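One letter stands for each residue in the lines below.
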Amino acid sequence: MKSVKDLVKAHGSIILLRRSLSLTPRALAEKTITIREAITQAMDEEITRDDRVFLMGEEVAQYDGAYKMSKGLWKKHGDKRIVDTPITEMGFAGIATGAAMAGLRPICEFMTFNFSMQAIDHVINSAAKTYYMSSGKVKVPIVFRGPNGAAAGVAAQHSQDYSTWYSQCPGLKVIAPYSAEDCRGLLKAAVRDDDPVVFLENELIYGQQFPISDEALSADFVLPIGKGKIEREGKHVTLASYSIGIKICLEAAKELEQNGIDCEVINLRTLRPLDEDIIKTSVKKTHHLVTVEFGWPQCSIGAEIIARICESDAFDYLDAPPIRVTGADVPLAYAKTLEQNSMPQVPNVLKSVKKVLNK
Amino acid sequence: MNINTKIVLRLQPYGRHLLQKQLKQANSPVPLLVTSIREASSGAALEYDAPNAYKFHMLEKGPNTHVSCNREEGLDYYKKMQIVRRMEASANNMYKSKLIRGFCHLYSGQEAVCVGMKAAMDKNDSLITAYRAHGWTFMMGVPVTGVLAELTGRKSGCAEGRGGSMHMYAPNFYGGNGIVGAQVPLGAGVAFAHKYRGESNVCIALYGDGAANQGQVFEAYNMAKLWSLPCIFVCENNGYGMGTSSARASANPNFYKRCEYIPGIWVDGMDILAVREATRFAREWCTSGKGPMIMEMATYRYFGHSMSDPGTSYRTREEIQDVRKSRDPITSFREKLVQAKIATEDEFKAIDNDVKKIIEDAENHAQNDPELHVDELYSHVYSQPPPKFKIRGCDNFTFKEVSK
């Protein structure tokens, strides 16, 4: 019979932390955690593991995080490692980037990525380009993280999706996780990575429960940056998506199953560098492609994917033109019906799949 | 009419006001900004009083107005300032011969600031500046070849030609930054790292009178003060932000007073020993846990903002010549050393010849060394590229697999 001490030694502080954080009921059969818990744990573990890692942002310390993503961390790690900033994004993103240039490993939180626009010069010109401009002399091992894209009822200025803006820039790594396992493995990988990483979360699924394996809960669990995952195997059509887009892809796939349509859902996980091989392999198998994302259609991730497929030998395997499902090409409205119809829903995916399959 | 009045009347309105302002601040007639240079017995020190070299904001006492240096230091500072001056002259010529492209911002006239400040820095202190960076790059350890060959885009440049004029780096030197003002919060971040690691070092973050109005500068001031960061914010005020005088750009052109909660020192930036003394004071302040400090170096640039600016549409040639004649940091320091019998004119001529050779050798490399191979354009995008990482070139048939 293991004592509590032995249990803690075996699993680290994770179990106790989970107990103190968790307010949701557990399925008896398998372990589940929320995205929120996954991200908090990942940050906690990396801050514990490496002295150079620290978290900086608005309300991250004493408030436990605007979205409670850093709950308990300030109490555990103190002022030096969890740093509250004034509301000055350009200033603190610059300070975090300078600290990274000088050898620390900051996690710079933007309360939402909408506010990163105030600091975007530091993300691109100070962080992304410096390793190249200095010919390898100056590394910038920083992670910029926070919620990206639409929330609920927060209107246009608080709902923009920055996936394509950041993923366009060489020098950055851009990660857009979906599940709790994605968040744990990829955030830990991002912190350990020596290059600047933009880590795009989604607030709407922060509270969603996901099954998680023991392996994924271990302290050194990292996922490879730049590799996608087949979230659901299928043979009739490829749905390529990321982040919250996976949610509606999986829901659509379930419905389509009843119509005898078998969807393969690809979770890109990383937007830059993009795992085009996983998409090509899938398209060569299914011969049909629909991309799904919540961002605006012009210059979307879907546009990039389709261009790459058409430029490759996978084009010859297509039986229909590939098409996109995206957010509507408008700033986001506040009123509920308008908002809901400005963002992709399951019917958009169903319609698009049936169209490419000529059904 | 005495000579001073003559000078003042000949200038255009702004030029006259600038000179008057700088004179008023120095509180004594041109050219004598120092008093009583003592004739030293041979082998001893140059010492003098510079009572008007500083002004203070929120400080009860400041750096020593009695400044000195020994012979070795004097000759060393002179040589370094002369290297920077000649290096920039070489850059000017090479730019005109089209060997240097794009932007090129010259430091000529400001040498006392980079040489004087570096003389007070610890070897593990950090520094970051904007794009008028060639003098600083040299002082932070990059040989002249590394600077000139970077300007001409050759492999032997300090960034192998990838960065050019505005992006040169060295250990503890974070560039060379192209975006006006961005270097200031970055510098505060480097200071944050020093403090985080418990090091007793400072980061010096430089910016110009133009950049001094950037919002992010004030954001950096705020966090530096809140967190007591060992950061010295230094405004190199050369009177003009590109073509706009500081009076036309700043509601408050007293840059050392711009922050109501951080103490500041105005320094005569043309007096190298005053610069060194003030930097020692600021460094002592910051490393003793008192938080950040602001310095304003009153200096002057002889060339225009960059090589595409003749520099005479917003100021007169007379103004520029007057500063050269009466306040040049190099000739005035040399004169003091000669007057104090620390060194002879012949010794200075010998140093000048030495410097000439250094520059010529560097120019040789800058003009004849090869550029990087074109395949290198794909290198150093990531320090940790994923396995089998391919970078796309300009068409669908051009991809390069990189492992670094």
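Residues numbered from 1 in each chain as written. Chains lettered and ligands numbered in written order. Predicted model: local features only at pLDDT ≥ 70, side-chain atom pairs only at ≥ 80, totals over all residues. Heavy atoms only, no water.

> Describe the overall build of chain A, listing the residues and the values that go with them.
Helix and strand content of chain A: 14 helices and 14 strands. Taking 2.2 N^0.38 as the reference for a compact globule, 359 residues should give roughly 21 Å; the C-alpha atoms of chain A span a radius of gyration of 20 Å, in line with that estimate. The principal-axis extents of the C-alpha atoms in chain A amount to approximately 60 × 55 × 45 Å. When each of the 359 residues of chain A is scored for burial, the buried share is 59%. For chain A, the share of sequence-separated contacts (at least 6 apart) that also reach a separation of at least 24 residues comes to 80%. A total of about 14600 Å² of accessible surface is found on chain A, and carbon and sulfur atoms cover 54% of it. One finds the centroid of the 43 positive side-chain charges in chain A at a distance of 4 Å from the centroid of its 45 negative side-chain charges. (Helix = DSSP H or I, 4+ residues; strand = E, 2+ residues; numbered from the N terminus. Rg over C-alpha atoms; globule rule 2.2 N^0.38 Å. Buried < 20%, exposed > 50% of the residue type's maximum accessible area, 1.4 Å probe, protein only. Contact = heavy atoms within 4.5 Å. Areas by Shrake-Rupley, 256 points an atom, 1.4 Å probe, with all protein chains shown as cover. Lys, Arg positive; Asp, Glu negative; His and termini not counted. Charge placed at Lys NZ, Arg CZ, Asp CG, Glu CD.)

> Quick rundown of the domain arrangement of chain B? Include the residues and the values.
Segmenting chain B into domains produces domain 1 (6-368) and domain 2 (375-404). Using only C-alpha atoms to locate each centre, domain 1 of chain B and domain 2 of chain B end up separated by 39 Å. (Domains from an automatic or database assignment.)

> For the pairing of strand 2 (residues 53-57) of chain A, give the residues involved together with the corresponding values.
Residues and elements named next belong to chain A. Taking burial as the measure, the five residues of strand 2 include five buried ones, the bulk of the element. Alternating positions in strand 2 separate into two faces, Val53, Leu55 and Gly57 on one and Phe54 and Met56 on the other, with burial throughout. Sheet topology places strand 2 next to strand 4 (residues 105-109); four bridges connect them, and they run parallel. Along strand 4, the bridge assignment pairs Val53 with Arg105. Sheet topology note: the strand 2/strand 3 (residues 82-84) ladder contains three bridges and is parallel. (Pairing = 2+ DSSP bridges.)

> Could you give me a rundown of the nonpolar core, with the residues and numbers involved?
Core analysis: the biggest nonpolar cluster contains 79 residues, and B:Phe192 and B:Phe233 have the highest contact counts within it. It is helix 7 (residues 183-196) of chain B that provides the largest number of residues to this core, a total of eight residues. (Core = buried A, V, L, I, M, F, W, Y, C linked by side-chain atoms within 4.5 Å.)

> Before we move on, can you summarise the confidence of the model for chain A with the specific residues and values?
Residues with a pLDDT of 70 or more make up 92% of chain A, whose mean pLDDT is 94. Low pLDDT, under 50, characterises residues 11-21 of chain A; the stretch is placed with 17 contacts to residues that sit more than four places away or in other chains. (pLDDT = per-residue confidence, 0-100.)

> With reference to specific residues and values, describe the UniProt feature "domain: Transketolase-like pyrimidine-binding" (unreviewed entry) in chain A.
Per the UniProt record, "domain: Transketolase-like pyrimidine-binding" (unreviewed entry) is found at residues 33-208 of chain A. A distance of 8 Å separates the end C-alpha atoms of residues 33-208 of chain A, which is 36% helix and 16% strand. (UniProt positions renumbered as here; feature names shortened; annotations may be inferred.)

> An account of the packing of aromatic side chains is requested, with residue identities and associated values reported.
All names here are of chain B. Taken as a whole, this structure holds 20 aromatic pairs over all chains when the rule is applied. Ring geometry for Tyr221 against Phe233: centres 5.1 Å apart, planes inclined by 75°, an arrangement best described as edge-to-face. Of this pair, Tyr221 sits in helix 8 (residues 215-226) while Phe233 sits in strand 6 (residues 231-237), and the two are twelve residues apart along the sequence. Judged by its relative accessible area of 0%, Phe233 falls in the buried class. An angle of 40° between the planes, with centres 5.1 Å apart, marks the rings of Tyr382 and Phe389 as tilted. Across the pair, Phe389 and Tyr382 agree in class, each one buried. (Phe/Tyr/Trp six-rings, centres within 6.5 Å; stacked < 30°, edge-to-face > 60°.)

> Please set out the sheet that holds strand 9 (residues 229-232) of chain A residue by residue, giving values where relevant.
All names here are of chain A. Spatial ordering of the open sheet is given by 9-11-10-13-14, a layout of five strands whose pairing is mixed. At either end of the open sheet lies a strand with only one pairing partner, and these are strand 9 and strand 14 (323-325). Strand-to-strand twist of the sheet, defined as the mean angle between neighbouring strand axes without regard to direction, takes the value 30°. Summarising the sheet, strand 10 (residues 237-241) and strand 13 (residues 289-292) pair through four bridges and their orientation is parallel. When the sheet's bridge partners are listed, Ala240 is paired in strand 13 with Thr291. Along the sheet, helix 12 (residues 301-311) contacts strand 10, strand 13 and strand 14; its crossing angle with strand 13, the most-contacted strand, is approximately 155°. (Axes fitted to C-alpha atoms, helices over the stretch in contact; angles between N-to-C directions.)

> Kindly report on the UniProt feature "domain: Dehydrogenase E1 component" (unreviewed entry) in chain B, identifying the contributing residues and their values.
When the UniProt feature table is mapped to this numbering, "domain: Dehydrogenase E1 component" (unreviewed entry) covers residues 80-374 of chain B. The span residues 80-374 of chain B shows a helical share of 46% and a strand share of 11%, and its end C-alpha atoms are spaced 35 Å apart.

> Now, about the environment of B:Ala149: what can you tell me, with residues and values included?
Its location among the elements puts B:Ala149 in helix 6 (residues 144-151). Remark: the alpha-carbon pair of B:Ala149 and B:Arg317, spanning 168 residues in sequence, is separated by 31 Å.

> Which residues make up the interface of chain A and chain B, and what are the values?
The interface of chain A with chain B comprises 51 residues on the first partner and 37 residues on the second. For the pair chain A and chain B, the two sides together bury roughly 3700 Å², of which 62% comes from carbon and sulfur. Looking at the side of chain A facing chain B, the largest losses of area belong to A:Ile95, A:Tyr132 and A:Met133, adding up to 19% of the total buried there. Here B:Arg392 ties to A:Glu311 by a salt bridge, and the two come within 2.7 Å at their closest N and O atoms. (Buried area = accessible area lost by both parts, 1.4 Å probe. Salt bridge = Lys/Arg side-chain N within 4 Å of Asp/Glu carboxyl O.)

> Describe the domain arrangement of chain A, and please don't skip the residues or the numbers.
Residue and element names in this part refer to chain A. Domain parsing of chain A yields domain 1 (32-217) and domain 2 (229-357). The partner domain 2 presents 26 residues to the 31 residues of domain 1 that form the contact. Broken down residue by residue, the surface that domain 1 buries against domain 2 is led by Thr164, Ala176 and Tyr178, which jointly contribute 24%. Between Asp182 and Arg269 there is a salt bridge whose closest N-O contact spans 2.6 Å. Remark: the boundary between domain 1 and domain 2 carries twelve residue pairs in polar contact (both at pLDDT 80 or more). When contributions to the side of domain 1 that touches domain 2 are tallied by element, the ones reaching two or more residues are helix 8 (163-167), strand 6 (173-175) and helix 9 (180-192). (Polar contact = N/O pair within 3.5 Å; in protein donor to acceptor, adjacent residues only side chain to side chain.)

> If you had to explain the sheet that holds strand 4 (residues 126-128) of chain B to someone new, which residues and values would you point to?
Residues and elements named next belong to chain B. The strand order across the open sheet formed by six strands is 2-9-10-6-5-4, and the pairing between neighbours is mixed. Both edges of this open sheet fall to strand 2 (54-57) and strand 4, since each of them pairs with a single strand only. On average, each strand axis in the sheet is tilted by 20° relative to the strand beside it, whichever way the strands run.

> Residues and numbers for the confidence of the model for chain B, please.
All names here are of chain B. Of all residues in chain B, 89% have pLDDT values of 70 or greater, and the mean over the chain is 91. Ignoring residues within four places in sequence, the model shows residues 26-35, a span with pLDDT below 50, making 21 contacts including any to other chains. Scoring of the predicted complex yields 0.90 for pTM and 0.90 for ipTM.

> Just give me the short version of the environment of B:Phe281, but keep the residues and values in it.
All names here are of chain B. Tracing the backbone shows Phe281 in helix 10 (residues 272-290). Accessibility expressed as a relative area gives 18% for Phe281, which makes it buried. Among all residues touching Phe281, those that are not within four sequence positions of it are Leu59, Lys61, Gly62, Pro63, Ile265 and Met293.

> Lay out the side chain of B:Thr137 with the relevant residues and their values.
Residue and element names in this part refer to chain B. The topology assignment puts Thr137 in helix 5 (residues 134-139). For Thr137, a relative accessible area of 0% puts it in the buried group. When sequence neighbours within four positions are dropped, the list of residues in contact with Thr137 reads Val142, Val147, Cys158, Met168 and Phe173.

> Residues and numbers for the pairing of strand 5 (residues 143-147) of chain A, please.
The side chains of a regular strand alternate between both faces of the sheet. All names here are of chain A. Strand 5 sits mainly inside the fold: five of its five residues count as buried. One ladder, built from three bridges, connects strand 4 with strand 5; its direction is parallel. Note that in strand 5 the partner of Cys108 across the bridge is Phe144. Here strand 5 pairs with strand 7 (residues 197-201) via five bridges, running parallel. Bridge assignment links Pro147 to a residue of strand 7, and that residue is Glu201.

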